[in-house]
Amino acid sequence: MDKKKKMGLLAKQKAAGWLFLVIASAMIIVMSFYPMVQALITSFKTGSSANLKWAEPLFYNYRRMFQDKMFMKSVGNTFLYLIIQVPIMLILAILLAQLLNNKDLKFKGLFRTCVFLPCAVSLVSYALIFRTIFATQGLINIILTNLGIIHENINWLGQTNTARLVIIIALIWRWTGYNMVFYLAGLQNIEYSVYEAAKIDGANGWKTFWYVTVPLLRPVIIMTFIMSINGTLQLFDESVNLTNGGPANTTITMSHYIYNNSFGQGVANFGYASAMSFFVFILVAILAAINLKVGDTRD
Amino acid sequence: MTDKKIKANSSAIQKRLIPTYIFLTIVSIFSVFPLFWMVTAATNLSVDVSRGKIWFGTHLVENFNNLVANTNLWKSFGNSLLYSTVQTLLCIFICSLAGYGFELYHDKGKDLLFAILLMAMMIPGVATMIPLFTMMSRLHLLNTVWGFALPAISTPFMIMMFRQNSRNFPPDIMEAARIDGLSEFWIFFRMYMPVMKSTYAAAAVITFMNAWNSYMWPRVVMTDNRAQTMPMLIANLAGGYTIDYGMLMMGVLFCSLPTMIVFFVLQRQFTEGITGSVK
């Protein structure tokens, strides 16, 4: 009898355990997995949003995607941002974290707050700030003119290469501090005695950094890498508010182009947009998998 | 003698750190300047901003009045506040329940489910945007706080954070509470929630910031101007042909104010929030 009661209690506990996570799990299934399946189905359809029909042939949207020069350009742009911005940002972040993790350094809190501060503003806000500063009649041109570096105002956002440069600078400005916080947290987990040991073994600062700090930070580095890749592949706010994709769509990102094809002005092409968004999903998944594979030190 | 030695030693260390100080100062100036400039530009006339004035002006009130007269400032500010608060409260409640369940009642089945849910992290927002829009429009939730919040009230990141931090919650407390006759749910409300206060604070800060700053989804789901959020409002301000820079920066300042306040008051929680699941 007593035993039976106990069994009942255990079963009750078990049921409670499942009840705790049922809302969250259901929400993720309904709000993430189910829409993903819907997106896949929609990607095989054509027509306006109210009147979707199966595409003929079924892979029509995907074939169109690879022939769409504009989409390929947006893929190229996104990868350009990825390849240039992510390494610079992460190296800068790790360097700053290393410098700030010095126990002899004064004003540590102040420096950290300053570098971290850009995270306090929204993506739209900082995009608009940079857009204003880099306007043709903007502050950067005025400063450069006064310093005698340029004699004519540069149309930063009106030319492809300078517009891309501004986006990259803006991204580095906004996200370096964010990543630095991860490295600082990681560095603080490393025991001071590890460094002492390295010192006794005769390792200099650079060697210590490369052979002690980096390997110990490896999991954090991989995580920030995945997050940065994921974020950059989904870049939207900056492309919309800093350059509006221009000039002539040479700075547009994948997400921005997909948005324009579904909710932008003109025809809403949900089928085609879904096909492109599925492509983004596959890219994110592949790059994350590669990263995890490279980062996996367990043989 | 030894005191002197230590002093001499520390001043030598400080001397060696001079390049570090210089570097950090330069980086700090670069980091802070655009935000400083945002604040000063909000106090200047558009012409002065274009002339490159970087110090405070006297047109703060004028820019503010222009902003109120030309936009739905208070409505949008209220919308953003409402949407973000509702999303934050629901998110930390639902995700903490799940994190608690996954960690303290864990078994093979739940671990598997968790691994599957984690995969949702890789799903890009742009891919679910269209089906979610269709769903919300069928449910008549466009332009409502629910349309805004529902897709984001359960995230793998937040569940992971609560799950990770639940390891610090001593199971002994649960046992003791059970012996006292508390039901499983009351243990959560009466024991877990108070003990995990700091995790809740960190989760709330990070969720609020994300909700307030979100832009793509609100743009999709808020089709009516009266339902728009602050980021949408300032993005529209910059869309015109002639831009009043003083007014624009006033709007940007207003959009950044709540998150800046949260940042300065709760910086520790914010840091914990973004790094919360790395431990």
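Residues numbered from 1 in each chain as written. Chains lettered and ligands numbered in written order. Predicted model: local features only at pLDDT ≥ 70, side-chain atom pairs only at ≥ 80, totals over all residues.

1. Quick notes on the overall build of chain A
- Within chain A, the secondary structure is distributed over 12 helices and two strands.
- Ordering the α and β elements of chain A from the N terminus gives α-β-β-α-α-α-α-α-α-α-α-α-α-α.
- The C-alpha radius of gyration computed for chain A amounts to 25 Å, which surpasses the reference 19 Å derived for 299 residues by more than 25%, pointing to a less compact arrangement than a globule.
- In terms of overall dimensions, chain A has C-alpha extents of about 90 × 70 × 35 Å along its principal axes.
- For chain A, the share of sequence-separated contacts (at least 6 apart) that also reach a separation of at least 24 residues comes to 69%. (Helix = DSSP H or I, 4+ residues; strand = E, 2+ residues; numbered from the N terminus. Rg over C-alpha atoms; globule rule 2.2 N^0.38 Å. Contact = placed C-beta atoms within 7 Å.)

2. Side note on the overall build of chain B
- The number of helices and strands found in chain B is 16 helices and zero strands.
- In terms of overall dimensions, chain B is more spread out than a globule: its C-alpha atoms have a radius of gyration of 24 Å, far above the 19 Å expected for 279 residues.
- Expressed as lengths along the three principal axes of its C-alpha atoms, the size of chain B is roughly 80 × 70 × 35 Å.
- In chain B, which comprises 279 residues, the share counted as buried stands at 44%. (Buried ≥ 20, exposed ≤ 12 C-beta atoms within 10 Å, placed from the backbone.)

3. A word on the interface of chain A and chain B
- Each partner contributes residues to the interface: chain A has 70 residues there, and chain B has 67 residues.
- Residues belonging to the side of chain A that touches chain B are distributed by class as follows: 49 nonpolar, 18 polar and three charged. (Nonpolar A, V, L, I, M, F, W, Y, C, P; charged D, E, K, R; others polar.)

4. Topic: the environment of Glu196(A)
- Along the polypeptide, Glu196(A) turns up in helix α8 (residues 192–200).
- The sequence separation of Glu196(A) and Thr208(A) amounts to 12 residues, and the corresponding C-alpha distance is 10.0 Å.

5. With respect to the confidence of the model for chain B
Residues and elements named next belong to chain B.
- Per-residue confidence for chain B gives a mean pLDDT of 86; residues scoring 70 or more make up 96%.
- Per-residue pLDDT, averaged within each element of chain B, yields its smallest value for helix α1 (residues 2–16) (70) and its largest for helix α8 (residues 145–149) (94).
- Scored by ipTM, the complex comes to 0.86, with pTM at 0.87. (pLDDT = per-residue confidence, 0-100.)

6. Some thoughts on the packing of helix α12 (residues 197–213) of chain B against helix α16 (residues 267–275) of chain B
Residues and elements named next belong to chain B.
- For the pair α12 and α16, the least separation of the axes is 8 Å and the interaxial angle reads 85°. When the interaxial angle is binned, α12 and α16 end up roughly perpendicular. Within the contact between the two elements, α12 uses Ala201, Ala202, Ala203, Val205 and Ile206 and α16 uses Gln269, Phe270, Glu272, Gly273 and Ile274.
- Residue composition of the contact of α12 with α16, by class: seven nonpolar, two polar and one charged. (Axes fitted to C-alpha atoms, helices over the stretch in contact; angles between N-to-C directions. Parallel < 35°, antiparallel > 145°, perpendicular 65-115°, else oblique.)

7. Observations concerning the environment of Asn63(B)
Residues and elements named next belong to chain B.
- Considering the arrangement of structural elements, one finds Asn63 in helix α4 (residues 60–70).
- We classify Asn63 as buried; it has 25 C-beta atoms within 10 Å.
- Along the backbone, Asn63 and Ala41 are 22 residues apart, and their C-alpha atoms lie at a distance of 9.8 Å.
- Other than its neighbours up to four places away in sequence, Asn63 contacts Ala42, Gly246, Met247 and Met250.

8. Let's talk about unusual backbone geometry
All names here are of chain A.
- In this model, Phe107 sits at a positive phi of 55°, which is unusual for a non-glycine residue.
- Its place among the elements puts Phe107 in the loop between α3 (69–100) and α4 (108–116).
- A positive phi angle is found at Asn244, which is not glycine, with a value near 50°.
- Relative to the helices and strands, Asn244 resides in the loop between α10 (237–243) and α11 (254–262).
- Looking at Asn244, the number of C-beta atoms within 10 Å reads 16, which means it is partly exposed.

9. Regarding the domain arrangement of chain B
Residue and element names in this part refer to chain B.
- Taken domain by domain, chain B comprises domain 1 (2–60) and domain 2 (63–274).
- Measuring from the centre of the C-alpha atoms in domain 1 to the corresponding centre in domain 2 gives 33 Å.
- Contacts between the two partners involve 11 residues from domain 1, matched on the other side by nine residues from domain 2.
- The set of elements that each furnish at least two residues to the side of domain 1 that touches domain 2 consists of α2 (18–41) and α3 (46–50).
- When grouped by side-chain class, the residues that make up the side of domain 1 that touches domain 2 number seven nonpolar, four polar and no charged. (Domains from an automatic or database assignment.)

10. Focus: α12(B)
- With 17 residues, α12(B) should reach 24 Å at 1.5 Å per residue; the first-to-last C-alpha distance of 24 Å fits that figure.
- The element α12(B) is extensively covered by neighbouring structure, given that 12 of its 17 residues are classed as buried.
- Along α12(B), the residues classified as buried are Thr199(B), Ala202(B), Ala203(B), Val205(B), Ile206(B), Thr207(B), Phe208(B), Met209(B), Asn210(B), Ala211(B), Trp212(B) and Asn213(B).
- The secondary structure elements touched by the buried residues of α12(B) are α5 (123–133) of chain A together with α5 (73–104), α9 (156–165), α14 (230–237), α15 (245–265) and α16 of chain B. (Expected span 1.5 Å × (residues − 1).)

11. Focus on the environment of Val126(B)
- Mapped onto the elements, Val126(B) comes out in helix α7 (residues 125–138).
- Given 28 C-beta atoms within 10 Å, Val126(B) falls into the buried group.
- Excluding residues that lie within four positions of it along the chain, Val126(B) makes contacts with Gln234(A), Ser255(A), Ile258(A), Tyr259(A), Ser277(A) and Val280(A).

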